[in-house]
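Descriptive structure summary
Single-letter residue listing:
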Amino acid sequence: MALEFSERVQRIPVYPAAEGYALGSDIAMLASNESPDVPPPEVIEAIARAASGLNRYPDPTSKELRSALAQRYGVPVGRIAVGNGSTDILLAAGQVLLEPGAEMVYAWPSFSIYPHMAALSGARQLEVQLDKDHRHDLDSMLREISVATRLVIICNPNNPTSTALPLAEIKAFINEVPHHACVIIDEAYCEFNLLNDPDESVELLNTHPNLVLMRTFSKTYGLSGLRVGFALCGSEQLRLALDQVRQPFSCNAAAQAAATEALKHQDEVARRVERTLAGRITLDEGLSELGFSPAESQANFVWFDLGEDADDQEVVRLLKDRGVLVRSGSSLGRAGALRVTVGTEAGNQLFLQKFSEIV
Ligand SMILES: *Cc1c(COP(=O)(O)O)cnc(C)c1O
């Protein structure tokens, strides 16, 4: 007799796991938008110090990390949630806001976790196609919002298409969203966005209690492997609800220590961003020379169409055989496209060289 699974489980889309983690170190890992740089030595020391106390549970309130974040962003500690990556907090937001009969609105293609949030909760998802420049179509999104809408997500810059909208447009949009609906701006890549200063959106929290800014230590800070992210919330009730539905220790001790230390090294963040922006130009120009038209990237990756009848999965396979891992558009919601993370200078060059040999 076979096990019977809940309808919720059957609704969850299957996202192919990133490959390459068992391969050698000479592989260019450009598939998961990670930082190519290892954490700064002070952060590794902080992790080592935390390691010697791992017989104890972590601080369930993540007091040190949340206080450091409160200081950095000028947001009260009570309105800051931390978690096992920002994905943990996104899934919690789905749990506290969604249920059968409720609706969520987001753009598509966008972050692969959003459909999970609807599937897990039994809510209905309204996916609004991006515009021809691969950007959020806020007017169309606004039209999908109704009395049943509990959650609206804007991914800015958007994964997987790399594009961003100016904050002024997002601000005008939020002003139109009814107060019963929560708006999450997923800002995992905000440090790479040249349209606005990453701290500008924080001010919106003072006037919009239904707003949440989702941030992570996985990208710029290079701590993907530890799993730590945070949410800056417009209201304390929402932060309390996010904590209510999760286990008390969703942010582990090493992650708390590392993130607290990492925040102190903003000069290092700035250097990483600078290198990434240079690499982004390298990829953008290289692809343009090969005749492709990448979307206007404001993130640490580029996104482009391979052209008519191109088989993106075959291109991914051929690149993998040549030591370069990238992500197929097919696995991210749009066949015929490719997403390539900005890597080291050598990694970027290797991609361009191998890609030019294939096409
Ligand atoms: C990478 C990413 C995140 C961060 O995920 P973590 O769980 O913090 O590693 C969040 N949102 C988007 C759009 C991302 O691409």
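All residue numbers refer to position in the chain's written sequence, counted from 1. Confidence filtering applies because this is a predicted model: local features only for residues at pLDDT of at least 70, side-chain atom pairs given and counted only at 80 or more, and all residues used for totals across whole chains, interfaces and linings. As a convention, hydrogens and water are excluded, and side-chain values are obtained from all of the structure's heavy atoms.

Let us look at the sheet that holds strand S7 (residues 211-216). Whether parallel or antiparallel, the strands of a sheet pair through hydrogen bonds between backbone atoms. A pair of strands is treated as paired once DSSP finds two or more bridges between them. To qualify as a helix, a DSSP run of H or I must reach at least 4 residues; to qualify as a strand, a run of E must reach at least 2; elements of each kind are numbered from the N terminus. Strand order in this open sheet of seven strands is S2-S8-S7-S6-S5-S3-S4, and the pairing throughout is mixed. In this open sheet, the two strands that pair with only one neighbour each are strand S2 (80-83) and strand S4 (124-129). Each neighbouring strand pair of the sheet contributes to a mean axis angle of 20°, computed without reference to strand direction. With four bridges joining them, strand S6 (residues 182-186) and S7 adopt parallel strand pairing. Opposite Ile185, over in S7, you have Leu213 as the bridge partner. For helices, the axis comes from a line fit to the C-alpha atoms of the stretch in contact; other axes are also lines fit to C-alpha atoms, and the angle between any two N-to-C directions lies between 0 and 180 degrees.

Here we come to the pairing of strand S9 (residues 301-305). Each residue is assigned to one of three classes by its accessible area relative to the maximum for its type, calculated with a 1.4 Å probe on protein chains only: buried under 20%, partly exposed between the two thresholds, exposed over 50%. Among the five residues of S9, four are classified as buried, and the element is accordingly described as predominantly covered. Two strands pair when backbone bridges link them, and S9 and strand S12 (residues 337-341) are joined in this way by five bridges, in the antiparallel orientation. Among the inter-strand pairings, Phe304 is bridged to a residue of S12, identified as Leu338.

The next thing to look at is unusual backbone geometry. Residue Trp108 is joined to Pro109 through a cis peptide bond whose omega torsion reads 0°. Position of Pro109 among the secondary structure elements: in the loop between strand S3 (103-108) and helix H5 (113-121). Residue Pro160 is reached from Asn159 by a cis peptide bond, and omega for that bond is 20°. Mapped onto the fold, Pro160 is located in the loop between strand S5 (149-155) and helix H7 (167-176). Of note in this structure, Asn33 is not a glycine but carries a positive phi near 55°. Here Asn33 is to be found in the loop between strand S1 (28-29) and helix H2 (41-51). The exposure class of Asn33 is buried, given its relative accessible area of 1%. Here Arg227, not a glycine, exhibits a phi torsion of approximately 70°, which is positive. With respect to the secondary-structure elements, Arg227 resides in the loop between S7 and strand S8 (229-233).

So, on to a negative patch on the surface. Where like charges cluster on the molecular surface, the negative patch consists of Asp197, Asp199, Glu200 and Glu203. For Glu203, a relative accessible area of 57% puts it in the exposed group. Residues enter a patch when their relative accessible area is above 30% and they make no salt bridge; the linking distance is 9 Å between like charges and 5 Å between nonpolar side chains (Val, Leu, Ile, Met, Phe, Trp, Tyr). Note on areas: these come from Shrake-Rupley sampling with a 1.4 Å probe, and a residue is covered only by the protein chains present in the view. By definition, a salt bridge exists where a carboxyl oxygen of Asp or Glu is found within 4 Å of a side-chain nitrogen of Lys or Arg. Here the positive residues are Lys and Arg and the negative ones are Asp and Glu; neither His nor the chain ends is included. Here the site of a charge means atom NZ of a Lys, CZ of an Arg, CG of an Asp or CD of a Glu.

So, on to the pattern of salt bridges. Pairs can form between side chains of opposite charge once their charged atoms are near each other. Under the criterion given, the structure shown has 17 salt bridges. Between Glu103 and Arg124 there is a salt bridge, with its nearest N and O atoms 3.2 Å apart. Here the residue Glu103 occupies a position in strand S3, and Arg124 occupies one in strand S4, the gap between them amounting to 21 residues. Note that Arg239 is salt-bridged to Glu236, the shortest N-O span being 3.7 Å. Taken as a pair, Arg239 and Glu236 lie in helix H8 (residues 236-244) at a separation of three residues, close to a single helical turn. Judged by its relative accessible area of 38%, Glu236 is partly exposed. Each member of the salt-bridge network shares a partner with another, and the members are Asp37, Glu268, Arg271, Arg272 and Arg275.

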